[in-house]
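As a plain string of letters, each chain reads:
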There are 2 protein chains.
Amino acid sequence: MPTTLADIAAELGVSKMTVSRTINNHPAIHPNTRERVLTVARHMNYRPNQHARALSTNRAHLLGLVVPDLMHSYYAEIAKAIEAEARAAGYEVLICNTEEDAASELREVEALLHRTDGLIIASAVAPNQPGAYRRLLREGSKLVLIDRSIEGLKCPQVTTDNVAAGALVTEHFIKLGHRRIGHLRGTNVSVAHDRWEGYRQALTQHGLAYDETLVRACGFFESGGYSAMRDWLKDGNHPTAIFAANDPAAIGAMRALAEAKLNVPRDIAVAGMGAIHYGDLLSVPLTTVDWDKTELGRQAAKLLIGLIETKEQKRDADRRVIVPPQLVIRQSCGAKAT
Amino acid sequence: MPTTLADIAAELGVSKMTVSRTINNHPAIHPNTRERVLTVARHMNYRPNQHARALSTNRAHLLGLVVPDLMHSYYAEIAKAIEAEARAAGYEVLICNTEEDAASELREVEALLHRTDGLIIASAVAPNQPGAYRRLLREGSKLVLIDRSIEGLKCPQVTTDNVAAGALVTEHFIKLGHRRIGHLRGTNVSVAHDRWEGYRQALTQHGLAYDETLVRACGFFESGGYSAMRDWLKDGNHPTAIFAANDPAAIGAMRALAEAKLNVPRDIAVAGMGAIHYGDLLSVPLTTVDWDKTELGRQAAKLLIGLIETKEQKRDADRRVIVPPQLVIRQSCGAKAT
DNA sequence: AATTTACTTGTTACCGGTAACGCTGTCAAT
DNA sequence: ATTGACAGCGTTACCGGTAACAAGTAAATT
C-alpha cells in the first residue's frame, strides 16, 4: 500500500493538515517542520493520491484530447505539442481517437469530461449540429476546438484559415494554366466546407465557372481518396488537376492514378492540404498547404488551461486563433522547381 | 454543479446505495426500482464522478502509455491499437511522449503510476538498468513493456524478435552480393542491441567477418540517421549497404545520400526496420522489416488489463509475447522487383 | 404457525485528500 | 500589564463514491 498523508503525519506526530500544507507549499509552515515533513515524505516514498486530490479540489490536472485520426501525422504533431505544453503546466493528457465517427466522439466526450478538467477537440461533428456541445458548454464544461471549428459555440477555437488555404491551392492551379480543376471534398466538417469555399472563390475570382461535376466527396482518409479517384477515372471526364481534402486523401488519389498508369503531375496534377510528414519524400513530392501545427496545439492547450485556471469568464471565453496557411509547392502540382 | 448519487437518491427518496447499485448493475435491485433510478438518472443527466469512484475502489479505469516518439507512425499505430482495446474493456488511455529521454521517462512514469491502474511502456531506459522498474514492480505497480524489453523484469513484455529481424535484413543484403554491409545503431535499448546482434550473427553465419568500423550510432530519429550518414560520407570508406536502426533513421540516411548525389540503391543500398507509414510511397520505396504493430498493442493492453483485474499472480505475470518479423522487400535494397 | 430463505434496501464507515475555521503562543505596540 | 496581530498548527466536515454489514419484508419450507 502506498504511503498517505496520514502515515507521514503519524510518523511525525503532527496532523494531516501540516503534511498537506507542506506538500502544497503553503506559506504558513515553519521551516523546521517543512524540513522534517519533506524528509520523511521522501523517505517513505510518498506520492499524493491524485484521485483524492481531484475529488477534494474538483481539479484533476488532466486534459482530454479528442482527434479523428491519430495515425495521421498532422494530429500526432498536434497531440505532441499539446502534451508538451500541458506537461509544462502540470497537466497530463488523455487521448481519444474517434476515426472520424461523430457518434462515438460524443459518447467519448461525455465520458472524458468527467475525469478531465477540460477537452481539446478536433471534432468530426457536423458544424451545423452544435447542439450537443452547446449543452455541455452551458453546463460549464471547458472546451477548446482545434483544427475544425463549429460556429455559434461560445468556446475558444484554434484553426487555420481554410478558405484562404483552399484558395491558395486553387489559384496556384489556375496560374499553372489549369481550367478543369477538381476538388475531392472531405466530410461534413468546417475545414471541408471552408476549403471548398476557398476553391469556389478562387475560381470565381479568376473568371472560371464553378462546375459541380468537378467536386466529389472522399472523406479524410487515404482509402477515400483512392476510391473516389478510381471511380472518377472509371466514370471518365476527370479534371486536369485535383485539389484533395487533405494529404492522406491526396496520397490515396495518387495511388489510384498510379494504378491507372497516369503520371502525376503530367497527366493529372495533385495537391493536398496539411503537410503530412514525409510528404516531401514521396515518389512524387506532394504540393500542399502547411501551417504551424505545433503552434495550433500550443495555443489550444494554453487557452484551455487558461479557461480552467481563471475563475471569471475572461475575454478568452470565445477567442478565435487563426494560424496562417502557406502554400508549399512541390512536384505533384506540376510547377517548375522553385 | 453536476448531479451526484445523493441528488438522485434525494429525488427518489431512496438511499445512495440503491442508486449506486443500480448504476453498477448490481443484481440485487428490484426491476421497478432500477427503472425509476435509471429514468431519473438520465433525466438529471447523471455521470459518475470517476475520481470518487477511483478513490473508493482503488481502480481508476485508466491505463498509461509511455512512448518515445508519438510522431513516428510506428508508435502511433501501437497507441491506436492500445486505445481501441482499452476502450473496449472500459479503460481510457493517458499518453506520454518521452522523446527517447530516459530521465524524463522515469519522472513521468512515477507521476502516471499514481493516477492510472497500470502502464504500458516502450522504454528509453537502458536494458541493463532495470533498477527503477524493478523497484516499482516490487511496490506492486502493474507494468507491461512493449516494443523494447528489459531483462530480468518480472512483468509481461511484448516485442518482435529483433535478432531475427536484424538477421533478415543482413542476410538479404548478403544474398544480394554485398560484402561491406554497414549498420547504423540505435540508442542503448534492447531493440538496438538485438538488431545489431542479428546483424553480427548473419555476417558470421555467412562467413563474413564482423567489422567494427562498419557500425555507427545514429539513434532512432531521422535527424540522427541523416547526420550519421553525412559524417560517414565525409569520413569516406563507407559501406555498400546500410542497415539502419529503424525507418526514420533510414530515411535520414537516404536524405544524406541524396544530398551527396548518391543513388539508392545503385551506389548504396538501404534498409530500415519497423515499416513506417508511407514507406512504400517514398521516392525510393524503403526495404524494411514489418511486424504486426496492432497485435503488439492489443496484446500489451490485454496483458495489462489482465494484471489489473486478476487478483492472484497468474502465470501471465512475466509472460513474453513475440510477434514474428517479416522482411518487406522494396527498392531501397536494390533487389529486383518481387 | 413458526422458521427459514431469498430478495431488496438501508446504515455506517472509509478511501485520501483539502477548505474553512479555530486555537495557541509569541511579540510589538499601547 | 493589556491588547492585537500574526505565525503555526489542529479540528471538523466534506468531496462522491463503495464495501461490509445489518435489517426489513415476502415467499417458501417444515
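Residues numbered from 1 in each chain as written. Chains lettered and ligands numbered in written order. Predicted model: local features only at pLDDT ≥ 70, side-chain atom pairs only at ≥ 80, totals over all residues. Heavy atoms only, no water.

### Examining the overall build of chain A
Reasoning step 1: Each helix and strand counted, chain A has 12 helices and 12 strands in total.
Reasoning step 2: Rg of the C-alpha trace for chain A: 25 Å, well past the compact-globule value of 20 Å for 338 residues, more than 25% over.
Reasoning step 3: Considering only C-alpha atoms, chain A reaches an extent of 85 × 40 × 30 Å along its principal axes.
Reasoning step 4: Each of the 338 residues in chain A was classed as buried or not, and the buried ones make up 54%.
Reasoning step 5: A fraction of 72% describes how many contacts in chain A between residues 6 or more apart in sequence connect residues 24 or more apart.
Reasoning step 6: Carbon and sulfur atoms form 50% of the exposed surface of chain A, whose accessible area is close to 14,500 Å².
Reasoning step 7: For chain A, the distance from the average site of its 40 positive side-chain charges to the average site of its 38 negative ones is 3 Å. (Helix = DSSP H or I, 4+ residues; strand = E, 2+ residues; numbered from the N terminus. Rg over C-alpha atoms; globule rule 2.2 N^0.38 Å. Buried < 20%, exposed > 50% of the residue type's maximum accessible area, 1.4 Å probe, protein only. Contact = heavy atoms within 4.5 Å. Areas by Shrake-Rupley, 256 points an atom, 1.4 Å probe, with all protein chains shown as cover. Lys, Arg positive; Asp, Glu negative; His and termini not counted. Charge placed at Lys NZ, Arg CZ, Asp CG, Glu CD.)

### Details of helix α5 (residues 73–88) of chain B
Reasoning step 1: For α5 of chain B, built from 16 residues, the straight-helix expectation of 22 Å at 1.5 Å per residue is met to within 8% by its first-to-last C-alpha distance of 22 Å.
Reasoning step 2: Those residues of α5 of chain B not exposed but buried are S73, Y74, Y75, A76, I78, A79, A81, I82, E83, E85 and A86 of chain B.
Reasoning step 3: Of the surrounding elements, those touching the buried residues of α5 of chain B are β2 (92–97) of chain A together with β1 (62–67), β2 (92–97), β3 (118–121), β4 (143–146) and α12 (293–309) of chain B.
Reasoning step 4: Phi for G90 of chain B, located one or two positions after α5 of chain B, is positive at around 85°. (Expected span 1.5 Å × (residues − 1).)

### With respect to the protein's contact with DNA strand D
Reasoning step 1: Around DNA strand D, a shell composed of 25 residues is seen, among which T18, R21 and T33 of chain A together with K16 and S20 of chain B lie nearest.
Reasoning step 2: Here DNA strand D approaches the protein such that, of its atoms within 4 Å, sugar and phosphate make up 61%.
Reasoning step 3: S15 of chain A is positioned such that a nitrogen or oxygen atom in its side chain is 2.9 Å from a phosphate oxygen of DNA strand D.
Reasoning step 4: The backbone of A52 of chain B places a nitrogen or oxygen atom 3.4 Å from a base nitrogen of DNA strand D.
Reasoning step 5: For the surface near DNA strand D, the secondary structure elements donating two or more residues are α2 (16–23) and α4 (50–57) of chain A together with α2 (16–23) and α4 (50–57) of chain B.
Reasoning step 6: Among the elements that take part in the surface near DNA strand D, α4 of chain B stands out by supplying 5 residues, more than any other.
Reasoning step 7: A per-class count over the surface near DNA strand D returns 11 nonpolar, 11 polar and 3 charged. (Near = heavy atom within 4 Å. Polar contact = N/O pair within 3.5 Å; in protein donor to acceptor, adjacent residues only side chain to side chain. Nonpolar A, V, L, I, M, F, W, Y, C, P; charged D, E, K, R; others polar.)

### Details of the packing of helix α1 (residues 5–12) of chain A against α2 of chain A
Residues and elements named next belong to chain A.
Reasoning step 1: In contact at an axis separation of 8 Å, α1 and α2 are set at 115° when each is read in the N-to-C sense. Taken as axis vectors, α1 and α2 run roughly perpendicular relative to one another. Between α1 and α2 the crossing geometry is right-handed. Where α1 abuts α2, its residues L5, A6, I8 and A9 lie against K16, V19, S20 and I23. (Axes fitted to C-alpha atoms, helices over the stretch in contact; angles between N-to-C directions. Parallel < 35°, antiparallel > 145°, perpendicular 65-115°, else oblique. Left-handed = near helix turned anticlockwise from the far one by under 90°.)

### Quick word on the protein's contact with DNA strand C
Reasoning step 1: Neighbouring DNA strand C are 24 residues; K16 and S20 of chain A together with T18, R21 and T33 of chain B lie closest to it.
Reasoning step 2: Between DNA strand C and the protein, one listed contact pairs a base nitrogen with a side-chain N or O atom of K16 of chain A at 2.7 Å.
Reasoning step 3: A distance of 2.5 Å separates a phosphate oxygen of DNA strand C from a polar side-chain atom of T18 of chain B.
Reasoning step 4: Secondary structure elements with two or more residues in the surface near DNA strand C: α2 and α4 of chain A together with α2 and α4 of chain B.
Reasoning step 5: Per-element accounting of the surface near DNA strand C gives the leading share, 5 residues, to α4 of chain A.
Reasoning step 6: Its residues placed into classes, the surface near DNA strand C shows 10 nonpolar, 11 polar and 3 charged.

### Topic: the packing of aromatic side chains
Reasoning step 1: All chains considered together, the criterion is met by 8 aromatic pairs over all chains.
Reasoning step 2: Between Y74 of chain A and Y75 of chain A, the aromatic rings sit 4.9 Å apart at their centres with planes inclined by 85°, giving edge-to-face as the arrangement.
Reasoning step 3: Between the aromatic rings of W196 of chain B and Y210 of chain B, the centroid separation amounts to 6.4 Å while the plane-to-plane angle is 55°, which identifies the pairing as tilted. A residue pair is termed long-range when its members are at least 10 positions apart, and W196 of chain B in helix α9 (residues 190–205) and Y210 of chain B in the loop between α9 and β7 (215–217) qualify at 14 residues.
Reasoning step 4: On the accessibility criterion, W196 of chain B (16% relative accessible area) is buried.
Reasoning step 5: A network of ring pairs unites the aromatic residues Y74, Y75 and W291 of chain A as a single cluster. (Phe/Tyr/Trp six-rings, centres within 6.5 Å; stacked < 30°, edge-to-face > 60°.)

### Some points on empty space enclosed by the protein
Reasoning step 1: Tallying each qualifying case throughout the model produces 4 cavities of 30 Å³ or more.
Reasoning step 2: Counted as a void, the largest cavity has a volume near 120 Å³.
Reasoning step 3: Surrounding the largest cavity, 15 residues form its lining, H72, Y74, Y75, F220 and N246 of chain B being those nearest its centre.
Reasoning step 4: Those elements that provide at least two residues to the lining of the largest cavity are α5 and α9 of chain B.
Reasoning step 5: Of the residues belonging to the lining of the largest cavity, the class tally is 7 nonpolar, 3 polar and 5 charged.
Reasoning step 6: Of the domains in this structure, domain 2 (57–160 + 293–323) and domain 3 (162–291 + 326–333) of chain B are the two that each give at least three residues to the lining of the largest cavity.
Reasoning step 7: The volume enclosed by the second largest cavity comes to roughly 100 Å³.
Reasoning step 8: Looking at the second largest cavity, the residues that line it are M71, S73, I276, H277 and Y278 of chain A together with M71, H72, S73, I276, H277 and Y278 of chain B.
Reasoning step 9: Split into classes, the residues belonging to the lining of the second largest cavity amount to 6 nonpolar, 5 polar and no charged. (1 Å grid on protein atoms, 1.4 Å probe; cavity = no way out; pocket = protein on both sides within 12 Å on 5 of 7 lines; lining within 4 Å. Points joined across faces, edges and corners; volume = space filled by probe spheres on them. Domains from an automatic or database assignment.)

### With respect to the domain arrangement of chain A
Reasoning step 1: Assigned domains within chain A: domain 1 (1–47), domain 2 (57–160 + 293–323) and domain 3 (162–291 + 326–333).
Reasoning step 2: The distance between the C-alpha centroids of domain 1 of chain A and domain 2 of chain A comes to 36 Å.

### Some details on the relation of the copies chain B and chain A
Reasoning step 1: Mapping chain B onto chain A is achieved by rotating through 180° and translating by 0.1 Å along the same axis, at an RMSD of 0.2 Å. Such a turn and shift between the copies fits a two-fold axis. The C-alpha atom lying nearest the rotation axis in chain B is that of S283 of chain B; the distance is 1.6 Å.
Reasoning step 2: A share of 100% of the interface residues of chain B reappears at the interface of chain A, consistent with the copies meeting face to face through the same patch. (Least-squares fit on C-alpha atoms with pLDDT ≥ 70 in both.)

### Details of the pattern of salt bridges
Reasoning step 1: This model, assessed by the stated rule, comprises 38 salt bridges over all chains.
Reasoning step 2: The salt bridge involving E99 of chain B is made with K80 of chain A; its shortest N-O contact spans 3.2 Å. On the criterion of chain membership, the pair formed by E99 of chain B in the loop between β2 and α6 (102–113) and K80 of chain A in helix α5 (residues 73–88) is interchain, its members lying in two chains.
Reasoning step 3: In this structure, R135 of chain A engages E110 of chain A in a salt bridge whose closest nitrogen and oxygen atoms are separated by 2.8 Å. Remark: E110 of chain A occurs in helix α6 (residues 102–113) and R135 of chain A occurs in helix α7 (residues 131–138); sequence separation between them is 25 residues.
Reasoning step 4: The class of E110 of chain A is buried, set by a relative accessible area of 13%.
Reasoning step 5: Among the charged side chains, a network of salt bridges with common partners joins R47 of chain A together with E110, R135 and E139 of chain B. (Salt bridge = Lys/Arg side-chain N within 4 Å of Asp/Glu carboxyl O.)

### Notes on the sheet that holds strand β8 (residues 241–244) of chain A
Residue and element names in this part refer to chain A.
Reasoning step 1: One open sheet accounts for 4 strands, arranged β7-β6-β8-β9; its pairing is parallel. The sheet is open, and its two edges are formed by β7 (215–217) and β9 (269–271), each paired on a single side. Each neighbouring strand pair of the sheet contributes to a mean axis angle of 20°, computed without reference to strand direction.
Reasoning step 2: Here 3 bridges tie β8 to β9, and the two strands are oriented parallel to one another. Looking across to β9, one finds that A241 is bridged to A269. (Pairing = 2+ DSSP bridges.)

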